[in-house]
Every structure is written in C-alpha cells, then in structure tokens.
Amino acid sequence: MTERTVIRDDVTLVCHDRGGDGPPLLLLHGLAGYGGEWDPLARHLGTRFRVVTVDQRGHGASTRRPADVSRAAHVADVAAVIGQLDLGPVTLLGQSYGAHAAMLAAAAHPELVERLVLVEAGPAATPAGTVADIGAWFASWPAPFATLSAAVEFLGGGPVGEAWAAGLEERADGRHPRFDPDIMVAALTDNTHRSWWAEWGRIACPTLLVLAQSTIIDAEQLDRMHRDRPDAVLASVPGTTHDLHLERPEALAELLEEFCAAGAPRH
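Predicted model, so just to flag it, every value in this text is computed and none were measured.

1. Side note on the sheet that holds strand β10 (residues 233-237)
Logical step 1: The strand order across the open sheet formed by eight strands is β1-β2-β4-β3-β5-β6-β9-β10, and the pairing between neighbours is mixed. Here the strands that pair on one side only, and so sit at the sheet edges, are β1 (2-8) and β10. Between one strand axis and the next, the sheet turns through 20° on average, direction left out of account.
Logical step 2: Contacting β1, β2 (11-17), β3 (24-28), β4 (50-54) and β5 (90-95), helix α2 (residues 71-84) crosses the sheet at an angle of about 125° to β1.
Logical step 3: The strands that helix α11 (residues 249-262) touches are β3, β5, β6 (113-119), β9 (207-212) and β10; relative to β6, the one it contacts most, it runs at about 150°.

Shown next, in the form of structure tokens:
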C-alpha cells in the first residue's frame, strides 16, 4: 500500500493506493470516517481492482480544519484525486456522506466516473434535526477514550465499533477522534440547504444503489430515485444497518463485482 498526497488549494488530502491488477476503484468514507475503514472490503476484493482510498477534507490524516467544507469543495476534491493520481475513469463508491459526494462528482464530471456505487445515500436534503442529533452524538463521546476496548464498546461494539475505534488517534492521555465535531456539523449542514434531484437525474453512468436492511432511505425518496432513473440497479443487504460496509464487507464486494462484470452501457 502506497501513501499519496493530493494538494488542492489550501487542503492536503491523504490517499492510499492499495494496488491491484484491475480497474481503478476510488472509495469515499462517511462522515467522521477515514480511508482505513475500507480495509475489510479491500481484502475481499483482493487484486481484482486497483483500490484507492482517501481521507476526505476534515477527516483522518487530511487537513483537519479546512476553510471550505461545502459539497462543491468535496466534489472538486474527488476530481483532483482522480486527476492527480491518474486514475480516471474510475468506479466511484461511497458510503453515506461519501456516497453523496460521489453522486455529485459523477453528475459534475461524467468523464471521470465509469460506474457509480452509492451505499446508503440519496438526493434528498438532510433534515436539520438529523444534523442536530449527530452533533449531540459527537458531544456525548467520552473522549479521550482511556482504552481501545472502551472505545469499541462505546462506538457500538462488533465490527462497526472496531472500525470506528481503529480510526482514533492514540496520544499519551488516550485515544482521540481524528476530526473536530464542529467541522463535521458544518459539513453536514451544507446538505440541509437544498435537495439534489437535478444532479441525480444528470448522472450518465451505470449506477448501483446499495441499501441496508435497516436503511435510512425512506420509501418516498427511494420511489422518486427509481422514477427519475429507472436504469439504476437496487440491492439490499440482509441483516445490516447504516454501516453495512463494515458489517458485511463480503456482501458488498460480491455486489460490486457482479455490477462491474455486467458491463452496463451508458444511457
């Protein structure tokens, strides 16, 4: 695995190129996540893709407090990563907040995205109440966590808690988040200002939407996504919640491989 940096304006994005013999696959993590959370999926994919992950702005090892946390900035970051690492066109896969950025990048830069995979995300605006709830959750973290096991337990236990805890920074006084909650809230707040249906309708590449069994995508949003783009492929992963990529990475890997093997043409 090779660490690469992409610099755009005043922001440094830390990327990891895991190599592989297949087509390029760029993975975008969710809010408060980090590129390393894709390790389980990458292991299931083996060398069938050239897997590249990025710590998005405000996250992980990338610039922690960027001046701009807008959706437009995230889209420009995706284009910069693809361009500077000479990846394009890519299969672009994101989860939640990262999937939203992937969707907008595919709409804005169709020449850079060959296929799009959205995990637990859609074009509807984020309710302001959701942002408040997430901010309150961050405020409840007893950080720094005294031990790794304490972090795993607080963050949900099992593979989800383990993945979240692995993203913490170890210091002398314990384990700290590698993000600032106010930056996370500000970034997510940009999603509350409007919906993104026009962008969803403009996407020209084959698209796979993967939902958890206990999905955050409501039926009304899902119905409209299908009406606006009946060509998009829908799949659901049994026994999962929002972080399905951590709970069942092998199922997501199988869906991704089947989707890419189908070779669906652009419409």
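2. Examining unusual backbone geometry
Logical step 1: The amide bond that connects G88 to the next residue, P89, takes the cis arrangement and shows omega of -10°.
Logical step 2: Note on placement: P89 falls in the loop between α2 and β5.
Logical step 3: Here the residue pair A143 and P144 is connected by a cis peptide bond, since its omega of 0° sits within 30 degrees of zero.
Logical step 4: With a phi angle near 55°, S96 is a residue other than glycine that sits in the positive phi range.

3. Looking at the environment of G22
Logical step 1: Relative to the assigned elements, G22 resides in the loop between β2 and β3.
Logical step 2: Given a relative accessible area of 24%, G22 falls into the partly exposed group.
Logical step 3: C-alpha of G22 to C-alpha of D182: the two residues are 160 residues apart in sequence and 39 Å apart in space.
Logical step 4: Beyond its immediate stretch of four places on either side in the chain, G22 contacts T47, R48, F49 and R50.

Cut-offs and rules
Residues numbered from 1 in each chain as written. Predicted model: local features only at pLDDT ≥ 70, side-chain atom pairs only at ≥ 80, totals over all residues. Heavy atoms only, no water. Pairing = 2+ DSSP bridges. Helix = DSSP H or I, 4+ residues; strand = E, 2+ residues; numbered from the N terminus. Axes fitted to C-alpha atoms, helices over the stretch in contact; angles between N-to-C directions. Contact = heavy atoms within 4.5 Å. Buried < 20%, exposed > 50% of the residue type's maximum accessible area, 1.4 Å probe, protein only.

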